Amino acid sequence: MTMNDTKIALVTGASRGLGHNMALALARKGVDVIGTYHSNKTEAEATVAAIEALGRKCVMFHLDTGNCSSFGAFAVDVKQALAGNWGRTTFDHLINNAGIGIHASFAETSEADFDRLMNIHVKGVFFLTQTLLPLIADNGRIVNLSSGLTRFSLPGYSAYAMMKGAIEVLTRYLAKELGPRGIAVNTVAPGAIETDFGGGAVRDNKQINDFVASVTALGRPGVPDDIGPAVASLLTDDNRWINAQRIEISGGMVV
Ligand SMILES: NC(=O)c1ccc[n+]([C@@H]2O[C@H](COP(=O)([O-])OP(=O)(O)OC[C@H]3O[C@@H](n4cnc5c(N)ncnc54)[C@H](OP(=O)(O)O)[C@@H]3O)[C@@H](O)[C@H]2O)c1
């Protein structure tokens, strides 16, 4: 593969959990990575080292996806990294993955928590994608992370799930508007996965872990390795005609 054939993916929230796993899975398929982290610089550096050990390039930037005013400067950093590391002006795949979980009943969801979720999961995804648009190559791809919780309802996720629902609608609009540039846009909706998400509840709380296993056709909660390789293969040329879709990856949760 020549340098010019190498694809570059930008993955937000690549320091931990699903983003970290996606970044490694992409690297295993020969894709270079621009990653972002928010609070865990050490884990971000570990992601870089793991990708370099696979023989791929990785640069990592600090980014708060809940702070739109920082996106312009971030795009300048990405532009410089593309020129310096790859001799390019564009990258190929944008994965809007970064996110947080806040579990609260509808009655107890505070305005502050609502705004925090909204800034990270909706406003941030909308304006980060808009800001990066000139840097996404024609015929590139965008993947937006949603959740199984948009299809089925579990108590405590009304704010989070409705915002992921917004991302699914945004995906279809982006697919429509970016189609003329050959850019395919899809939603990936994981079921409950054992990560640090939401305080690591699915992984660490036995009652929740058992509940998820009991409502999942394949009989267990997901692990990051159930998601990263699936996203990496979605981004291969084999799947280039998949567009404007919501792809649930949940082992058959609540079917
Ligand atoms: N795990 C699940 O059960 C599940 C199910 C469905 C959907 N999802 C979605 O999948 C995505 C990834 O979740 P995960 O399970 O991998 O969570 P995670 O293990 O908690 O990792 C979250 C990642 O997002 C980054 N991040 C958090 N807040 C950020 C902010 N304000 N700005 C930029 N980056 C930020 C974190 O960076 P630092 O480590 O540097 O702070 C970390 O890399 C999220 O969109 C989530 O909603 C997760």
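Use the structure listed above.
Figured I'd write up the structure that's included with this text. (Residues numbered from 1 in each chain as written. Predicted model: local features only at pLDDT ≥ 70, side-chain atom pairs only at ≥ 80, totals over all residues. Heavy atoms only, no water.)

What follows is about the packing of aromatic side chains. Counted under the stated rule, the structure contains four aromatic pairs. Ring centres of F61 and F74 lie 6.0 Å apart, and the angle between their planes is 85°; on these two criteria the pair is classed as edge-to-face. In this pair, F61 is assigned in strand β3 (residues 58-62) and F74 in helix α3 (residues 71-86), connecting sequence segments 13 residues apart. In this pair, the class of F61 matches that of F74, namely buried. (Phe/Tyr/Trp six-rings, centres within 6.5 Å; stacked < 30°, edge-to-face > 60°. Helix = DSSP H or I, 4+ residues; strand = E, 2+ residues; numbered from the N terminus. Buried < 20%, exposed > 50% of the residue type's maximum accessible area, 1.4 Å probe, protein only.)

Our focus in this paragraph is the pattern of salt bridges. Under the defined criterion, the tally for this structure stands at 13 salt bridges. Residue D32 is joined to R56 by a salt bridge in which the shortest nitrogen-to-oxygen separation is 2.8 Å. Here D32, found in strand β2 (residues 32-37), pairs with R56, found in the loop between α2 (41-53) and β3; they are 24 residues apart in sequence, far enough to count as distant. Residue R56 is classed as partly exposed on the basis of its relative accessible area, which comes to 21%. Where salt bridges share partners, they join R16, D196, R203 and D204 into one cluster. (Salt bridge = Lys/Arg side-chain N within 4 Å of Asp/Glu carboxyl O.)

This part takes up the packing of α3 against helix α4 (residues 111-132). When two helices pack together, their arrangement is captured by the angle between the axes and the distance separating the axes. Where α3 contacts α4, the axes come no closer than 10 Å and their chain directions differ by 45°. Relative to α4, the element α3 is oriented oblique. In the crossing of α3 with α4, the sense of the turn from one axis to the other is right-handed. For the pair α3 and α4, the contacting residues are F71, G72, F74 and A75 in the first and G124, F127, L128, T131 and L132 in the second. Here the residues of the contact of α3 with α4 sort into six nonpolar, three polar and no charged. (Axes fitted to C-alpha atoms, helices over the stretch in contact; angles between N-to-C directions. Parallel < 35°, antiparallel > 145°, perpendicular 65-115°, else oblique. Left-handed = near helix turned anticlockwise from the far one by under 90°. Contact = heavy atoms within 4.5 Å. Nonpolar A, V, L, I, M, F, W, Y, C, P; charged D, E, K, R; others polar.)

Now for the pairing of strand β4 (residues 91-96). Of all six residues in β4, six are buried; the element is thus mostly enclosed. Bridging between strand β1 (residues 8-11) and β4 involves three bridges; their strand directions are parallel. Of the residues in β4, the one forming a bridge with V11 is I95. Bridge count between β4 and strand β5 (residues 136-145): five bridges; the pairing is parallel. Each bridged residue has a counterpart across the sheet, and for N96 the counterpart in β5 is N144. Between the parallel elements β4 and β5, the chain passes through α4 in a crossover that is right-handed. (Pairing = 2+ DSSP bridges. Right-handed = clockwise from strand over helix to strand, strands pointing away.)

Turning to the nonpolar core, a few remarks are in order. If you look at the biggest cluster of nonpolar residues, it comprises 29 residues, and the most contacted ones within it are L26 and I95. Broken down by secondary-structure element, the contributors of at least two residues to this core are β1, α1 (17-28), β2, α2, β3, β5 and α8 (228-234). Top element by residues in this core is α1. It accounts for seven residues. In this structure, L26 is in contact with A9, V11, V31, I95, A232 and L235, ignoring residues within four places of it in sequence. By size, the runner-up hydrophobic cluster in this structure holds 28 residues, among which are L10, I34, F74 and W86. (Core = buried A, V, L, I, M, F, W, Y, C linked by side-chain atoms within 4.5 Å.)

On to the site of the ligand. Around the ligand, the structure places 31 residues, and the nearest of them are R16, H38, S39, Y160 and T195. Note that an oxygen atom of the ligand is positioned 2.5 Å from one of the side-chain N or O atoms of R16. Surface burial for the ligand is 96%, taken as the share of its 900 Å² of free accessible area covered by protein chains. Elements represented by at least two residues in the shell around the ligand include exactly α1, α4 and α5 (158-178). (Near = heavy atom within 4 Å. Polar contact = N/O pair within 3.5 Å; in protein donor to acceptor, adjacent residues only side chain to side chain. Areas by Shrake-Rupley, 256 points an atom, 1.4 Å probe, with all protein chains shown as cover.)

Mapped onto the fold, L154 is located in the loop between β5 and α5. It is 38 Å that separates the C-alpha atoms of L154 and G30, two residues lying 124 residues apart in sequence.

Function-wise, these values are silent; they only describe arrangement.
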